[in-house]
Amino acid sequence: QVSDMQLEAPHLVVGFCCTGAVSAEWCEGMADSIWAYKIRYLAGGMAAWAHHSGSLVDPATSKPTTKVHCWLREVAPFFPVPGSGYEVLTDGVPASKDALAHPSSLRHARLRNLAWEVRLRYWPSVFLVDCRTPEERQVSTIGAPGAMVISADELRRRAPEYISAYATIVTFCTIGGRSGTFCKRLVDDLVEFGQVSADQTDGLRRKIVNILGGMAAWLHVHGGLVDTMGQPTNQLHPWCRAFLDMFPLEDLDLVFDEFRPVPQDALSLIACKVDIGDAVEAVPQTFVQMCSVLPPEVINDSLTRAMQSCEGYED
């Protein structure tokens, strides 16, 4: 129903649907159009929009509403949980067991990368914090289109400024241990030194989040890397030898000093990895198990759900 007049307007045309599958296929069908260069779709669709507290309107009255119709019952879990303020309607929606059994490659990719696509490409109020050492950052860092990457020291120096300016702050390191601890300590320090009030703690823990699995997980779900000039690269500093086997085997050049002593803050994580059977149940241990037995798409689903909160996260 999009007219040529609408396509001629000097702005992007963004299609959306329930989870992004139908609109992705619509974009694919427009690939040969003269307007293909300006046609996009919202990855994750209305489910992603709802996760970011996007507003909705009733098309009949143009008034605000909290109701949203779910395309299939199988995708209802992609929407925020009950109590979030949204009412997901499934009455009369078919519960087809094979509706998602044979998804198109586009649909599969869109659903698998739901959180990353939306957070890092379509949500400009997100930025990333690299909690690794300068030596590690000198080799490469996460490459996320449109997302700024700063160091943990930079965030500490200007925390109130960044917190007020951005909706979501995403921290990361090699496998998630250092950045997870940084998340918790940063919030605690901000409260202790009076930079934020104690009643803001819960909100900050939802705002300052951590990537479970860190750069290892990012690479397992085909995330890109950039060098200090912002150019794509396949080089990565793996922190220390103990974590070499946690990274993908293909198309990755691991750069590090083999004779460098093991960092003290890596010892507890190495202990989990060396003896999983006797290790205390912890996030790093869980990640080691995940990488050992689960396919990348399952790992990514767990990661995107886990990264939404860092509360209680410790080495």
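**Digging into the sheet that holds strand E9 (residues 148–151)**
Strands sit in the order E9-E7-E10-E11 across an open sheet of four strands; the sheet is parallel. With one partner strand each, in any of the chains shown, E9 and strand E11 (208–210) form the two edges of the open sheet. With strand direction ignored, the average angle separating the axes of adjacent strands in the sheet is 30°. Two strands pair when backbone bridges link them, and strand E7 (residues 126–130) and strand E10 (residues 168–172) are joined in this way by five bridges, in the parallel orientation. Bridging from a neighbouring strand, Asp130 pairs with Phe172 of E10. Lying on the sheet, helix H9 (residues 177–192) is in contact with E7, E10 and E11; it crosses E11 at an angle near 160°.

**Details of the nonpolar core**
Ranked by internal contacts, the top residues of the largest apolar core, which has 24 residues, are Leu128, Ile142, Leu219, Leu225, Leu236 and Phe243. If you list the elements that add at least two residues to this core, you get E7, E10 and helix H11 (214–220). A per-element tally of this core places H11 first, with four residues. Counting residues in hydrophobic clusters, the runner-up holds 19 residues, among them Ile150, Leu155, Phe182 and Leu190.

**Considerations on the confidence of the model for the chain**
Confidence in the prediction of the chain, expressed as mean pLDDT, is 75, and 70% of residues score 70 or more. For the stretch residues 276–295, pLDDT sits under 50, and the model shows 25 contacts to residues farther than four places along the chain or on other chains.

**Looking at helix H2 (residues 21–29)**
Turning to H2, its buried residues number three or more, namely Ala21, Ser23, Ala24 and Cys27. Across the axial projection of H2, the buried residues extend over an arc of 170°, all falling on one side.

**As for the pattern of salt bridges**
Applying the stated criterion to the full structure yields eight salt bridges. Arg156 is paired through a salt bridge with Asp189; the nearest N and O atoms lie 3.2 Å apart. In this pair, Arg156 is assigned in helix H7 (residues 152–157) and Asp189 in helix H9, connecting sequence segments 33 residues apart. Residue Arg156 is classed as partly exposed on the basis of its relative accessible area, which comes to 36%. Each of Glu154, Arg157, Arg158 and Glu161 takes part in salt bridges that share partners, so that together they form one network.

**A word on the state of the cysteines**
Counted by the stated rule, this structure contains zero disulfides. Its sulfur unpaired, Cys17 is 6.8 Å from the next cysteine sulfur, which belongs to Cys18.

**Remarks on the sheet that holds strand E13 (residues 232–233)**
In spatial order, the strands read E8-E12-E13; together these three strands make up an open sheet with antiparallel pairing. Strands at the two margins of the open sheet, each flanked by one partner only, are strand E8 (141–143) and E13. Sheet analysis places strand E12 (residues 224–226) next to E13, joined by two bridges and oriented antiparallel. Residue pairing for E13: Val226 is matched across the bridge by Pro232.

Conventions and cut-offs
Residues numbered from 1 in each chain as written. Predicted model: local features only at pLDDT ≥ 70, side-chain atom pairs only at ≥ 80, totals over all residues. Heavy atoms only, no water. Pairing = 2+ DSSP bridges. Helix = DSSP H or I, 4+ residues; strand = E, 2+ residues; numbered from the N terminus. Axes fitted to C-alpha atoms, helices over the stretch in contact; angles between N-to-C directions. Contact = heavy atoms within 4.5 Å. Core = buried A, V, L, I, M, F, W, Y, C linked by side-chain atoms within 4.5 Å. Buried < 20%, exposed > 50% of the residue type's maximum accessible area, 1.4 Å probe, protein only. pLDDT = per-residue confidence, 0-100. Arc of directions from axis to C-beta. Salt bridge = Lys/Arg side-chain N within 4 Å of Asp/Glu carboxyl O. Disulfide = S-S within 2.5 Å.

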